[in-house]
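Observations on the model geometry
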Amino acid sequence: MSGGEEADERPLSQSAAILSATLNAMAERRVEQAGILAAFVAACPGTAGTTQARLVLSALLDELADHHLAELPRGRNGWDDALPPLPRWLRLPPQPKQDTRHPRAPSMAVWRRELAWAAADSLSSAQLDVLKTVNRWLRDTDGDDERRTVVPMRERSLEIFGDEKRLDALTATTLFAPGRLTLATLAAERIPPPLAYERVGPGSIVLVIENSDSFTTLSTLLEHRCGQVGYVAFGGGHAFEASVARISRLAGVTDIAYYGDLDEDGLTIPQRANVTAAALGLPPVRPAAGLYRLLVGQDVRGLAPKKIDPIVAERRVAWLPETIRGQAANVIVAGNRLAQEATGTVLLRRNGSWRSDL
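Some remarks on the overall build of the protein
A tally of regular secondary structure across the protein gives 13 helices and 11 strands. Projected onto its principal axes, the C-alpha positions of the protein cover 75 × 50 × 35 Å. Counting over 358 residues, the protein shows a buried share of 52%. Of the contacts formed within the protein by residues at least 6 apart in sequence, a portion of 74% connects residues at least 24 apart. Accessible surface, the protein: about 16,700 Å² in total, of which carbon and sulfur atoms supply 52%. Put simply, the protein has 41 plus and 43 minus side-chain charges, and the middle of one group is 3 Å from the middle of the other.

Considerations on the nonpolar core
Within the largest apolar cluster, 54 residues are counted, with the highest numbers of intra-cluster contacts made by Phe240 and Ile247. Leaving out residues up to four positions away in the same chain, Phe240 has contacts with Leu195, Val208, Gly235, Ile247, Ile256, Tyr258, Ile269, Ala273 and Val285. Core analysis: the second largest hydrophobic core is formed by 28 residues, Ala17, Phe40, Leu60 and Leu86 among them.

A closer look at the sheet that holds strand E7 (residues 229-234)
Read from one edge to the other, the open sheet built from 5 strands follows the order E5-E7-E6-E8-E9, with strand pairing classed as mixed. Each edge of the open sheet carries a strand with a single partner, namely strand E5 (196-199) and strand E9 (285-287). Looking at each pair of strands side by side, their axes are set apart by 30° on average, direction ignored. Sheet analysis places strand E6 (residues 205-209) next to strand E8 (residues 255-259), joined by 5 bridges and oriented parallel. Looking at the pairing, Ile205 lines up with Asp255 of E8. Running over the sheet, helix H9 (residues 264-280) touches E8 and E9 and is turned about 150° from E9. Sitting on the sheet, helix H10 (residues 289-296) is in contact with E6, E8 and E9, with an inclination near 15° to E8.

Considerations on the pattern of salt bridges
By the definition in use, this model includes 19 salt bridges. A salt bridge links Asp62 to Arg315; the nearest nitrogen and oxygen atoms lie 2.9 Å apart. Placement of the pair is Asp62 in helix H3 (residues 53-66) and Arg315 in helix H11 (residues 310-317), with a sequence separation of 253 residues. Of the two residues examined, Asp62 and Arg315, each falls in the buried class. Between Glu114 and Arg113 there is a salt bridge; the shortest N-O distance is 3.9 Å. When its relative accessible area of 22% is taken as the criterion, Glu114 is described as partly exposed. Accessibility expressed as a relative area gives 63% for Arg113, which makes it exposed. Connected through salt bridges with shared partners, the residues Asp62, Glu264, Arg315 and Arg316 form a single ionic network.

About the criteria used
- Residues numbered from 1 in each chain as written.
- Predicted model: local features only at pLDDT ≥ 70, side-chain atom pairs only at ≥ 80, totals over all residues.
- Heavy atoms only, no water.
- Helix = DSSP H or I, 4+ residues; strand = E, 2+ residues; numbered from the N terminus.
- Buried < 20%, exposed > 50% of the residue type's maximum accessible area, 1.4 Å probe, protein only.
- Contact = heavy atoms within 4.5 Å.
- Areas by Shrake-Rupley, 256 points an atom, 1.4 Å probe, with all protein chains shown as cover.
- Lys, Arg positive; Asp, Glu negative; His and termini not counted.
- Charge placed at Lys NZ, Arg CZ, Asp CG, Glu CD.
- Core = buried A, V, L, I, M, F, W, Y, C linked by side-chain atoms within 4.5 Å.
- Pairing = 2+ DSSP bridges.
- Axes fitted to C-alpha atoms, helices over the stretch in contact; angles between N-to-C directions.
- Salt bridge = Lys/Arg side-chain N within 4 Å of Asp/Glu carboxyl O.

In structure tokens:
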């Protein structure tokens with residue numbers, strides 16, 4: 001299921017959108033690592049400084065690069081030596097030339113209290129047009145509890161702008177940098193896609209499977225011998241990057257294990273899902289170690305769409321158990337991939353080592 005939608009066709013995650021807005025609020029187009037880290041702290045204060053910080057920041061920067069919102073270094077010298085490597089610098093795309101700034105006319109000071117910050121900022125005409133539209137909505141709904149009910153983001157976007165996807169784009173701009181607009185101001189929230197799952201036992205682990213056939217296989221095998229697994233969930237490829245939020249509704253879950261294809265997409269998906277999990281205070285999305293160990297031992301390799309640069313491979317496999325990172329990197333650097341279906345029903349029944357090390 002890896003390799004479905006192109007990454008830049010999917011909406012940015014909320015954390016990536018805030019990081020993009022925070023970086024773009026800086027004056028520099030080339031941002032050194034210290035600036036990257038400072039922006040990360042401002043954008044994701046609950047994650048910065050935790051054990052997940054480096055993994056989360058790495059995944060966020062990849063997401064920005066896929067959406068052409070940042071350019072990452074290409075050579076090894078552009079990256080530090082920790083794991084996963086982080087860029088020593090990045091470049092932001094040039095901002096479109098703005099038309100002339102509005103003069104500070106007295107009428108422009110009539111902002112709703114939620115937009116009071118706009119009076120002190122230098123804003124372009126396009127930004128002011130957006131804020132005036134928001135200002136009107138805030139004025140027209142003031143005191144109306146029904147219209148200020150929190151609703152899905154695209155419903156609110158359609159109501160305010162007449163375009164259900166306008167907020168998807170706006171949340172990545174400097175208008176949504178820290179201290180400016182928020183979805184809460186607009187009484188809106190991002191809605192994660194549904195998460196299909198099977199209840200297999202009373203355990204606290206939710207095992208997420210990328211592809212549908214492997215989901216069925218593992219659900220069946222765990223149904224009568226589940227160990228610590230309480231749920232088996234269907235990741236659905238890139239959908240899990242957002243649908244991981246639904247895990248908060250599953251009772252008793254304290255551990256999220258993931259198993260997917262061994263290719264660039266299959267390793268990117270859980271790391272981006274981990275960004276969402278960290279932002280919501282969910283357990284980290286970790287690899288289902290036993291299943292991956294079994295997978296790298298199989299010689300059923302297919303061709304990947306492209307060879308992966310060694311530094312990219314190093315960053316992707318940093319999420320895997322240390323004992324198999326080298327093997328995994330060799331597979332994807334060579335332009336190969338291992339589909340999770342290589343650990344099929346017969347193998348999983350014959351070799352039960354995966355059960356004790358999920």
